[in-house]
Every structure is written in structure tokens, then in C-alpha cells.
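A structural walkthrough
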Amino acid sequence: MICFVLFLIVPIALLLWYKRADADLTLLWKHFSGQDELSKYKDQVVWITGASSGIGEEIAYSFASLGARLILSGTRIEALMKVQERCLDKGSPKAICVPFDVAEHWSHEELHNQIIAEFGEINLLVNNAGRLQRSEFTATNVDAEKELFNVNVFGIISLCRVTVRHWLRTGQANAQLYVTSSAAGKMGSPFSSSYAGSKHALHGYLETLRDELSCSGSDIRITIANPGPVRSNLRANALTDKIGKKYNRDDSTSQRKLMETKRCAELIVSGIAHGLDELWIADQPLLLLFYVYQYFPSIFRRYLINYVMTKKQIEKFRKGE
Ligand SMILES: NC(=O)c1ccc[n+]([C@@H]2O[C@H](COP(=O)([O-])OP(=O)(O)OC[C@H]3O[C@@H](n4cnc5c(N)ncnc54)[C@H](OP(=O)(O)O)[C@@H]3O)[C@@H](O)[C@H]2O)c1
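Since the structure is predicted, the reported quantities are computational estimates derived from the model, not experimental observations. (Residues numbered from 1 in each chain as written. Predicted model: local features only at pLDDT ≥ 70, side-chain atom pairs only at ≥ 80, totals over all residues.)

Before going further, it helps to examine helix H1 (residues 2-20). For H1, built from 19 residues, the straight-helix expectation of 27 Å at 1.5 Å per residue is met to within 8% by its first-to-last C-alpha distance of 26 Å. Counting buried residues along H1, only zero of its 19 residues qualify, which leaves the element largely exposed. (Helix = DSSP H or I, 4+ residues; strand = E, 2+ residues; numbered from the N terminus. Expected span 1.5 Å × (residues − 1). Buried ≥ 20, exposed ≤ 12 C-beta atoms within 10 Å, placed from the backbone.)

And the structure:
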């Protein structure tokens, strides 16, 4: 009898999971069951980079609704001011715009000091700014890669360093660091090798920082999110194989099938609130591939790769099909 029930329940549960899940099981469970955790952000100070559009903009609205005080960063001041207005409407008691280019790492200490002078503290740094890159590995110019790494890696890591240094110096309680990586930070990403390399690099830095913080007895929490394709301006603004060369592909129509930006941001905010280490956020079949890649890498590399990593299949993933 037990065997019969198991035979029936296990396939049904797997089918339901495949049809409905758009994040790893821990995150889905915390998101579903633990909304109380979110209330702790009332009046907390949250600094969000990449807040002028896409995922960062929606993260800003989520924290605004929770009553957090916000510092909104990006390079486009007009876009930031629109986000600021909506954040104040949604319930943020204070929201300011601090436009800057994250690649200019020499400015980070000064900006950080200005924010501390105005708010007294930063409780959560949401390091979300980033650029995409699309080009073939063999065609890519090192200078174009450096431009990408200056934003996606050195800019992000420099801001983390300045902020964590301050937290350790002041012994601030409940400090949290968040970084938006990507599915491409865990797996290969054909025709986006520099992007995948930059996102993989973040994991190396942040896992090591996590270890060093543990060695020093610090309780600073680090959360890294790995979203699959999500609707945003990312693809339209992608870098390519050479500096200054535009990525001339209009994929605005195909965006409709991608994960909604708001849904991605809500899952991220839940994951941060629960202090989860790593968040996998993706629609199927990418989510299933995540699991296979993580837990059965030999099967993925030896057998699945021939079916999954074809030009046609990659296009389908990126269109959310
Ligand atoms: N959308 C996806 O499918 C997807 C999937 C996985 C991971 N991600 C990651 O999610 C993050 C947000 O991207 P998104 O999808 O929301 O794309 P997006 O709409 O293009 O947003 C990118 C944000 O990053 C900011 N940014 C870019 N370069 C910057 C620079 N040099 N200095 C300061 N800010 C800069 C942009 O600000 P300005 O425009 O004002 O410069 C913008 O606010 C990125 O790290 C991306 O890699 C996205």
C-alpha cells in the first residue's frame, strides 16, 4: 500500500514542481511561509545600485513598501528621480538619489562616507548594477572584457569592500550584503563568455569573504542571487566583442515570455530577508537544469550538453520558451 501511494505521489509532486516552481525549494518555502521577516526593514537604510531600471527598480519598490529608507543609485539621474518619486509614494520615509558609475571605484569611499553622514548607517547594501555582454569567445577583445569586468566585478567588489570595512570597524549589528549574480554565474553561458566569467568571479570573491567573516566571528550575512532570464533593459544595453560596438538585436517582443521583473525582485527580497546564502530563480526548464548541473555535473557535461547547448536551444532559453 505504502509503495503504491509513493509511486503515485512522487511523480505527481515532481510534475507539480516542474510546472509551478520558479525558484529553488528553500527560497520558495521561505517566500511562501515567512513574510513576517520582511517587517524588520521598516526604517532600515538600504542602498541599492542599479535602481534606475529592471530588477533593481523593483527591489527598490519592494523595500519602499516595507518602509525602508533608500539610497537609489544608477548613472541616469532622470530615471532615478522617477523611481525615487514612486518609492516615496509606496511608503518609504526617505529616498535619495546618488548617481554614480560603479566602475569608478576610486569614488566609492567618498560616496559611502556621504551616505553615512546623512543616514548614520547602512543596514543592507544591494549590489545589483550590472551589464550583459554578448559575443563569441574567439572574437572577443580583451579591452571590451575589461570594460565589463570594471562594472560587473571590480565596481561591485570595491563597493562591498568599502561597506564591509565600515561595518567591521563600527561593529554594526544585523548588517547584510546582497549581490545579483546570474544563472551564468553558476553555469556556462554560450556567446556570453565574458559575462559568465564576470558573474563566476563574484562567487569566488564573495564565498571567500563569507569564509573570512566567519573566521573573524562576524555575523554579516551575504546573499547572492542567480536569476535566469528576466524582463529588463539588460539585453538592449549589452556590450559586445569590441568597445563601443552596439548589440544590434531588438529582443523586446521576445521579452514577454521571460520571468516578470516584479516576481524576480519579490523572491530576491524574501531571500535577503531570510538571510539565505544563495538564490536560484528561473522558470523551467532552466531551473531543472540548475539542479542537474549542481548535483549531477558529469551527467550534464557528458550527456545533456549535446541536447541543451545547441544554438536553437540557447535562443529558446533566452526567449523564455
Ligand atoms: N535581466 C536578466 O535576465 C538578468 C538575469 C540574471 C542576472 N541579471 C543581473 O541583474 C542585474 C540588474 O540587471 P537588469 O536585468 O535589471 O538590467 P537593467 O534594466 O539594464 O538594469 C541594470 C542596472 O544597472 C545599472 N548600471 C549598469 N551599468 C552601471 C554602471 N557602470 N554604473 C552604475 N550603474 C550601472 C543601470 O543603471 P543606469 O542605466 O542608470 O546606468 C541599471 O539600473 C545585473 O547585475 C544583471 O547582470 C539580470
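In this section: the sheet that holds strand S5 (residues 176-180). On the basis of which strands lie adjacent, the open sheet formed by seven strands has the order S3-S2-S1-S4-S5-S6-S7 and parallel pairing. Looking at which strands have only one partner, the edges of the open sheet turn out to be strand S3 (95-97) and strand S7 (278-281). Along the sheet, successive strands turn relative to each other by an average axial angle of 15 degrees, direction set aside. Most of the contacts of helix H4 (residues 77-90) go to S3, to which it runs at about 180 degrees, and overall it touches strand S2 (69-73) and S3. (Pairing = 2+ DSSP bridges. Axes fitted to C-alpha atoms, helices over the stretch in contact; angles between N-to-C directions. Contact = placed C-beta atoms within 7 Å.)

On to the packing of helix H5 (residues 108-119) against helix H6 (residues 142-170), then. Orientation of H5 relative to H6, taken along the N-to-C sense of each, is 45 degrees, at an axis distance of 10 Å. If you check the angle between H5 and H6, you find them oblique. Where H5 crosses over H6, the two elements pack in a sense that is right-handed. On H6, the residues touching His108, Glu109, His112 and Ile116 of H5 are Ser158, Leu159, Val162, Thr163 and His166. Here the contact of H5 with H6 is built from residues that sort into three nonpolar, five polar and one charged. (Parallel < 35°, antiparallel > 145°, perpendicular 65-115°, else oblique. Left-handed = near helix turned anticlockwise from the far one by under 90°. Nonpolar A, V, L, I, M, F, W, Y, C, P; charged D, E, K, R; others polar.)

Take the pairing of S2 next. Looking along a regular strand, one sees side chains alternate from face to face of the sheet. Among the five residues in S2, five count as buried, and that is most of the element. Judged from the five bridges that link them, strand S1 (residues 45-49) and S2 form a sheet pairing that is parallel. In the sheet register, Trp47 faces S2, and the bridge partner there is Ile71. In this structure, S2 lies alongside S3, joined through three bridges in parallel fashion. Each residue of the ladder has a partner; that of Ile71, found in S3, is Ile96. In this region the chain leaves S2, passes through H4 and returns to the parallel neighbour S3; the handedness of that crossover is right-handed. (Right-handed = clockwise from strand over helix to strand, strands pointing away.)

Further remarks concern the site of the ligand. The local shell around the ligand holds 29 residues, among which Gly50, Gly54, Gly74, Gly130 and Ser232 are the closest. Among the elements that line the shell around the ligand, the one with the most residues is helix H3 (residues 54-65), at three residues. Partitioned by chemical class, the residues of the shell around the ligand number 11 nonpolar, 15 polar and three charged. (Near = placed C-beta within 6 Å.)

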